[in-house]
Amino acid sequence: MLFRSLLTLLPFVGLAFSQSASTFTDPTSGFQFTGITDPVHEVTYGFTFPPLATSGAQSTEFIGEIVAPVASKWIGIALGGAMAGDLLLVAWANGNQIVSSTRWATGYVQPTAYTGTATLTTLPETTINATHWHWVFRCQGCTQWNNGNGIDVTSEGVIAWAFSNVAVDDPSDPQSTFSEHTDFGFFGIDYSTAHTSNYQNYLAGNGGTPTTSPTGPSHTTTTTTTTTGPTVSATPYDYIIVGAGPGGIIAADRISQAGKKVLLLERGGPSTQETGGNYVAPWATSSGLTKFDIPGLFESLFTDSNPFWWCKDITVFAGCLVGGGTSVNGALYWYPNDGDFSTNVGWPQSWTNHAPYTSMLESRLPSTDHPSTDGQRYLEQSFNLVSQLLSGQGYRQITINDSPDSKDHVFGYSAFDFLNGKRGGPVATYLQTALPRPNFTFKTNVMVSNVVRNGSQILGVQTNDSTLGPNGFIPVTAKGRVILSGGAFGTSRILYQSGIGPTDMLQTVQSNPSAPALPPQAQWINLPVGMNAQDNPSINLVFTHPSIDAYDNWADVWSDPRPADAAQYLASQSGVFAGASPKLNFWRAYGGSDGFTRYAQGTVRPGAASTNSSLPFNATQMFTITVYLSTGIQSRGRIGIDAAGRGTVLTNPWLVNAEDKTVLLQALHDVVSNLPSVANLTMITPDVTQTLEEYVDLYDPATMNSNHWVSTTTIGSSASNAVVDQNVKVFGTNNLFIVDAGIVPHLPTGNPQGVIMSAAEQAAAKILALAGGP
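These notes cover the structure that comes with them. All of these numbers come straight from a predicted model, not from anything done at the bench. (Residues numbered from 1 in each chain as written. Predicted model: local features only at pLDDT ≥ 70, side-chain atom pairs only at ≥ 80, totals over all residues. Heavy atoms only, no water.)

## Concerning the state of the cysteines
Our working definition: Any two cysteine sulfur atoms lying within 2.5 Å of each other are counted as a disulfide. Type-normalised accessible area, obtained with a 1.4 Å probe on protein chains alone, sets the label of each residue: buried when under 20%, exposed when over 50%, and partly exposed for intermediate values.
Inspection of the entire model under this criterion finds two disulfides. Sulfur-sulfur distance for the disulfide between cysteine 139 and cysteine 142 comes to 1.9 Å. Its torsion about the S-S bond being -80 degrees, the disulfide of cysteine 139 and cysteine 142 is classed as left-handed. Both residues of the pair, cysteine 139 and cysteine 142, belong to the buried class. A sulfur-sulfur separation of 2.0 Å characterises the disulfide bridge that pairs cysteine 311 with cysteine 320. Torsion about the S-S bond of the cysteine 311 and cysteine 320 cystine: about 100 degrees, corresponding to right-handed handedness. Classification of cysteine 320 by relative accessible area gives buried; the value is 11%. Numbered by order of appearance in the sequence, the disulfide-linked cysteines of the protein pair as 1-2, 3-4.

## Brief notes about the pattern of salt bridges
Oppositely charged side chains can form a pair if their charged atoms are brought close together. So the rule is basically this: Here a salt bridge means any side-chain nitrogen of Lys or Arg lying within 4 Å of a carboxyl oxygen belonging to Asp or Glu. Here a strand is any run of E in DSSP of at least two residues, a helix any run of H or I of at least four, and the numbering for each starts at the N terminus.
A complete count under the given rule lists 17 salt bridges for this structure. Close ionic contact of aspartate 313 with arginine 493 constitutes a salt bridge, the shortest N to O distance being 2.8 Å. Pair noted here: aspartate 313 is in the loop between strand 15 (262–265) and helix 4 (355–364) and arginine 493 is in helix 8 (residues 487–496), with a separation of 180 residues, a long-range link. Of the two residues examined, aspartate 313 and arginine 493, each falls in the buried class. Linking arginine 588 and aspartate 670 is a salt bridge whose minimum nitrogen-to-oxygen distance equals 3.4 Å. Within this pair, whereas arginine 588 is found in strand 23 (residues 584–591), its partner aspartate 670 is found in helix 11 (residues 658–671), the two being separated by 82 residues in sequence. Across the pair, exposure class does not vary: arginine 588 and aspartate 670 are buried alike.

## Observations regarding the packing of aromatic side chains
The criterion, for reference: Put simply, two rings from Phe, Tyr or Trp (the six-membered ring, in Trp's case) pair if the centres are within 6.5 Å, and we call them stacked under 30 degrees between planes, edge-to-face over 60, tilted for the rest. For a lysine, the NZ atom is tested; for an arginine, the CZ atom; a charge sits over a ring if that atom is within 6 Å of the ring centre and within 35 degrees of the ring normal.
For the structure on display, the rule yields 40 aromatic pairs. Ring plane angle 90 degrees and centroid distance 5.9 Å describe the contact between tyrosine 395 and phenylalanine 586, whose orientation is recorded as edge-to-face. With tyrosine 395 in the loop between helix 5 (381–391) and strand 16 (396–397) and phenylalanine 586 in strand 23, this pair connects stretches of sequence that are 191 residues apart. Take tyrosine 395: its relative accessible area is 8%, and that puts it in the buried class. Each member of the aromatic cluster is reached from another via a ring pair, and the members are Tyr279, Phe292, Phe298, Phe302, Phe308, Trp309, Trp310, Phe317 and Trp558. For the cation-ring pair, arginine 364 lies above tyrosine 430, with the distance from its terminal atom to the ring centre recorded as 4.4 Å. Just above the ring of tyrosine 413 sits the side chain of arginine 377; from NZ or CZ to the centre is 3.7 Å.

## Topic: the packing of helix 4 against helix 14 (residues 753–769)
For clarity, the cut-off: As a rule, the C-alpha atoms of each element are fitted with a line to give its axis, helices using only the stretch in contact, and angles between N-to-C directions run from 0 to 180 degrees. Angles below 35 degrees are treated as roughly parallel, those above 145 as roughly antiparallel, those between 65 and 115 as roughly perpendicular, and all remaining angles as oblique. Crossing handedness is defined as follows: a turn of the near helix away from the far one that is anticlockwise and smaller than a right angle gives a left-handed crossing, while the clockwise case is right-handed. Should any heavy atoms of two residues lie within 4.5 Å, those residues are counted as being in contact.
One way to put it is that helix 4 packs onto helix 14 with a least axis distance of 9 Å and a crossing angle of 115 degrees. Taken together, the axis directions place helix 4 and helix 14 in an arrangement best described as roughly perpendicular. Crossing angle aside, the handedness with which helix 4 passes helix 14 is right-handed. Within the contact between the two elements, helix 4 uses Tyr357, Thr358, Met360 and Leu361 and helix 14 uses Gly754, Met757, Ser758, Glu761, Gln762 and Ala765.

Printed below as a string of structure tokens:
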């Protein structure tokens, strides 16, 4: 179905518009359009209308364009912003031609051919090449529809778009059926400013001579026409911080605390109730607590049919919402140890005294290994079993965050950054102290495509929101700075689209719609952005035991939880739902034959993501031990962007180094070495038909991914092997900084959340202390 749910959402669009149309000039045709470029799928939508009539009826036609990557198998437009009762335009590329049709729907069903007088004509400016299709069309009889409704071309309106990466059933048939769209969105448009006196010239193929500026906004007008559309005078900021994840929020809080004028931009929307989120489980409506507030709903993040929180333009799991990854992770939270910030793992000497910054973090955001407000622990059967197993292997039990430097042959209850039985993290702490400050501004649903620069000087950022500045451009003050905190993939893409990174990635940008924003090639800065990427290789072992409560494998926690547990949580934020699925963590150090010491980490949780067993088993008695390899691993890979501009893994970083694999296999063997010592404990994945070696050899790399990406914009001493210097300033720039997981030079001993936040505290202090700033 096309545009499902648009009609029901339309009344709320005005409350949270992420995009408003602005005027731009198509660089190939010279036609001036009013529209947007969707930042997720990189599809451009543009419209231009004949001059307004001074008397009588207005013209009912317009010229439109769609510029879409070849990954766009069909694109739809709802001219009135909703599926039902609006004229729909649908188009796709078929070989060397565009196939299009006008459609109509009276409900959320497959749209059928429109029976009115609307006519689509493909204009000669239309092109199709190896990377994109560019449809320029005339739509006659398209502003008034046969149900009496239509577009008021003298006023403002809403347009909806739909995107699909699934091909239509018969690409040669304009009336082909197709599956429901992959994604959809809206934007506002001021029709009254979208008219051109050149309309008849455009129909004749005379568009004029376009001009573009490599250091200005990505869409620019010609020098012979007047810019129209909704624009405002831009407010300059001392600091513009891009990304409201852990790095961005902490940096924004500390820098605004110092009195600087700070703008924090987040591409996604609200998450927790405190941020305005309203995605609430059916059983929790009375509380208003969202999926992101309730710790016990963590596993449902991966099974929900409406996962709007995952970035659609990144091919691995990444959170696009307030809080970033800290709003969608399991919230395992380990205070950094001295080894995590040592020179041995790549930190500059000036970073090794992490203790003051880690202490600042702990005071703002303490950990807990008993998150229920009643002080009790729940669903701990897997802890009891695995503690028996590990004790037989010489492990000792500790309170893990009381001894951060103890990471060999130790285990303990899982520790989290939950607060008062709810998700905490930087959203519940640092963001809340920043928000009341008059010098702090926070905007959500604003996508930054690139920094705008003149050589080494950053002038500001280019966004999709023209309410924040002319054509979406937001400047910094004369001594202002920009901080990128978009995460490993998000920050890397912004750098590529700003002319910073390896040449092959910048050349990839040249072939996609972000190309006009690139500075001249002479100003490109060649840095190893995306290189040296690390992520924990992780292997799941699945077991059964009669004592285990697998908690229905977390399948019904969203829609139909156990009534008593739901009631307990709603009454007091206590019980099973006050905690996430992990119950126990353990560590062990291994000396490798290559001289490097590697650390294995284990996480234990009830249930299993998947099983593959020839043995009979009771699914209600399953639990999982996930074994990770962390500090000391030598494998590295590469991330980047594909032809469609999506963040993606270019070279897998898992077990590339042979000794890494040897150590991981040794850790797996050790975990199960005394399995018979625990009565009735059975490993079902892998089972008796497969060795651990065979199991690891056949393991899907996509499943081995832990999404703990670091070192993609690593800190270091030289532009030859690092992206930022010891002050987290990007090499080759005067005022561009990075504060996120990408600067971490090596995987820490445990899940990286604590290290990232401690690093953000230290980075903010170094940026503020650096001379030359505002």
